[in-house]
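# Structural overview for review
If you want the building blocks of each chain, they are given just below.
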Amino acid sequence: MKKEETFNEEAELQALEGIAPWVKEGFARMEGPSDRVLKAIHEEAVAQVSRPHLRFRFSFMLRLSVAAALLLLFSGVAFQSWQSRSREQQQQVVQLLHMTSPSPLSEDPIGTEPAELANLLLSVQGLDRESYFNAPDGTGALWL
């Protein structure tokens, strides 16, 4: 079984006020820090004052790493938007070619590969792979 106690803030504050004079008297009777402790504190303070450049250097390196991370993030976002824009432009070209082409093509322009686009361009001109590479004059120039 647990014994539940309620916390009474006023009673605790009164108890602390009752022992406060004893605590103050105990600290008054204590001696100050030893010479060895004072010397160590002084040496550490001097060492901290003599190294302000380290704190600046850390903040500079931290700022530099944050800037590099932001640059990397924004370049990734820019690359993704450029890539999606180029895909959209390719889809628009394929859709335009689908509208002008007399032969029925696949209905899914999103899955069109670059090789399919090349074959589509050849078919728009009335050529196929063999006739393009085996042209009688050897040029095989596209008129598009």
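Right above here is the structure, for reference.
What comes next concerns the included structure.

### A word on the overall build of the protein chain
The helix and strand tally for the protein chain stands at five helices and zero strands. In the protein chain, the order of α-helices and β-strands from amino to carboxyl end is α-α-α-α-α. Across the 144 residues in the protein chain, those meeting the buried criterion constitute 8%. Across the protein chain, contacts joining residues at least 24 apart in sequence account for 17% of those joining residues at least 6 apart. Here the protein chain displays about 13100 Å² of accessible surface, and carbon together with sulfur accounts for 62% of that area.

### Some words on a nonpolar patch on the surface
Together, Leu13, Leu16, Ile19, Trp22, Val23, Phe27 and Met30 make up an exposed nonpolar region whose accessible area comes to about 770 Å². Its place among the elements puts phenylalanine 27 in helix α1 (residues 9-29). Classification of phenylalanine 27 as exposed rests on a relative accessible area of 59%.

### Re the pattern of salt bridges
Between side chains of opposite charge, a pair can form when the charged atoms approach closely. This structure, assessed with the given rule, holds one salt bridge. Here arginine 29 and glutamate 25 are joined by a salt bridge, their closest N and O atoms 2.5 Å apart. Placement of the pair is arginine 29 and glutamate 25 together in helix α1, with a separation of four residues, close to one helical turn. For glutamate 25, a relative accessible area of 38% gives the class partly exposed.

### Considerations on the packing of aromatic side chains
Tallied over the full model, the rule gives one aromatic pair. Centre to centre, the rings of phenylalanine 79 and tryptophan 82 are 5.8 Å apart; their planes meet at 35 degrees, and the pair counts as tilted. Separated by three residues within a single helix, phenylalanine 79 and tryptophan 82 lie in helix α3 (residues 52-100), roughly one turn from each other.

### Re α1
The periodicity of an α-helix, 3.6 residues per turn, causes residues three or four positions apart to be oriented the same way. The terminal C-alpha atoms of α1, which comprises 21 residues, lie 30 Å apart, in line with the 30 Å expected from a rise of 1.5 Å per residue. Of all the bends found along α1, the most pronounced is centred on isoleucine 19 and spans about 35 degrees, while proline 21, a proline, follows it within four residues.

### With respect to the environment of leucine 97
Locating leucine 97 in the fold gives a position in helix α3. For leucine 97, a relative accessible area of 10% translates into the label buried. The spatial distance from the C-alpha of leucine 97 to the C-alpha of valine 124 is 7.9 Å, given a sequence separation of 27 residues.

Here is what the cut-offs are and how they apply
Residues numbered from 1 in each chain as written. Predicted model: local features only at pLDDT ≥ 70, side-chain atom pairs only at ≥ 80, totals over all residues. Heavy atoms only, no water. Helix = DSSP H or I, 4+ residues; strand = E, 2+ residues; numbered from the N terminus. Buried < 20%, exposed > 50% of the residue type's maximum accessible area, 1.4 Å probe, protein only. Contact = heavy atoms within 4.5 Å. Areas by Shrake-Rupley, 256 points an atom, 1.4 Å probe, with all protein chains shown as cover. Patch = residues over 30% accessible without salt bridge, like charges linked within 9 Å, V, L, I, M, F, W, Y side chains within 5 Å. Salt bridge = Lys/Arg side-chain N within 4 Å of Asp/Glu carboxyl O. Phe/Tyr/Trp six-rings, centres within 6.5 Å; stacked < 30°, edge-to-face > 60°. Expected span 1.5 Å × (residues − 1). Bend = angle between axes of the 7 residues up to and from the residue.

None of the figures reported here should be taken as evidence of function without further support.
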